[in-house]
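# Working through the structure, step by step
Next come the chains, spelled out residue by residue.
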Amino acid sequence: MSKKVTDIVAELVTPLLDELNLELVDVEFKKEGPNWFLRVFIDSDTGVDLEDCGKVSEQLSEKLDEMDPIHQAYFLEVSSPGAERPLKKVKDLEKAVGKNVHVTTYEPVDGEKAFEGMLQSFDGEVLTIEVKIKTRKKSYEIPYDKVANARLAIIF
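Residues numbered from 1 in each chain as written. Predicted model: local features only at pLDDT ≥ 70, side-chain atom pairs only at ≥ 80, totals over all residues. Heavy atoms only, no water.

### A few points about the pairing of strand 6 (residues 126–133)
So the rule is basically this: For two strands to be treated as a pair, DSSP must find no fewer than two bridges joining them. Numbering of helices and strands runs from the N terminus, with a helix taken as a DSSP run of H or I at least four residues long and a strand as a DSSP run of E at least two residues long.
Direction of pairing for strand 5 (residues 112–122) relative to strand 6: antiparallel, over a ladder of 4 bridges. Bridge pairing links Leu-119 to Ile-129 in strand 6. Between strand 5 and strand 6, which pair antiparallel one after the other, the connecting turn spans 3 residues, and Gly-124 there sits at a positive phi close to 95 degrees. Where strand 6 lies against strand 7 (residues 136–143), 8 bridges are found, and the strand directions are antiparallel. Residue pairing for strand 7: Lys-132 is matched across the bridge by Lys-137. Hairpin connection between strand 6 and strand 7: a loop of 2 residues separates the two successive antiparallel strands, and Lys-134 in this loop has a positive phi of roughly 55 degrees.

### Here's the deal with the side chain of Thr-105
We count it as follows: Relative accessibility decides the category of a residue: with a 1.4 Å probe and only protein chains considered, values under 20% of the type maximum give buried, values over 50% give exposed, and everything between is partly exposed. By definition, residues are in contact when any of their heavy atoms lie within 4.5 Å.
Along the chain, Thr-105 turns up in strand 4 (residues 100–109). Residue class for Thr-105 comes out buried when judged on its relative accessible area of 5%. Not counting residues within four places of it along the chain, the set of residues in contact with Thr-105 comprises Glu-112, Lys-113, Phe-115, Ile-142, Lys-146, Val-147 and Ala-148.

### A closer look at unusual backbone geometry
It is generally the case that most residues other than glycine have a negative phi and that most peptide bonds are trans. Its identity is not glycine, yet Asn-21 carries a phi of approximately 60 degrees, on the positive side. Mapping Asn-21 onto the fold places it in the loop between helix 1 (5–19) and strand 1 (23–32). Overall, Asn-21 belongs to the exposed group, its relative accessible area being 67%. Its identity is not glycine, yet Lys-134 carries a phi of approximately 55 degrees, on the positive side. Of note, Lys-134 is situated in the loop between strand 6 and strand 7.

### Some words on the sheet that holds strand 2 (residues 35–43)
Spelled out, the test is: The convention used is that axes are lines fitted to C-alpha atoms, helices contributing only their stretch in contact, and that angles between N-to-C directions extend from 0 to 180 degrees.
Pairing within the open sheet is mixed, and its 3 strands lie in the order 1-2-3. Either end of the sheet is taken by a strand with one partner, and the two such strands are strand 1 and strand 3 (75–79). On average, each strand axis in the sheet is inclined to that of its neighbour by 15 degrees, with strand direction left out of account. Together, strand 1 and strand 2 form the strand contacts of helix 1, whose direction differs from that of strand 1 by roughly 145 degrees. Across the sheet, helix 2 (residues 50–67) lies against strand 2 and strand 3, angled at about 145 degrees from strand 3, the strand it touches most.

What follows is the structure in structure tokens.
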């Protein structure tokens, strides 16, 4: 079975990011209209700036040119995941405890499939999210294997 473009790119970019003390958040390879886009989202505990994105883009571009794993033309974009970054890995969720999150599930948990509130805890198996409903607060325990999507949330 051939590897997916996103997996190949993740393998190529990870050593570059390790060297620069950055982390890989996500890799997307998408067709939008007539064009293909390879998007690499990076971050660090102190955030990333344009210089970081430029360095990674330049070094990754050289590696991609050498290996040539993508057969069609595409645009490479390296950026920060933004304030509402996705929480893809167990480590991301562990770091998000105490922060506001938005989580959707594959199937209903207590009759709900979308939760937005404070991530109170995550033990690797279950996320506990405190959701504010008007004037009261309710905690939901969501099994990790039922999580479809999770991201940080800015709640106004």
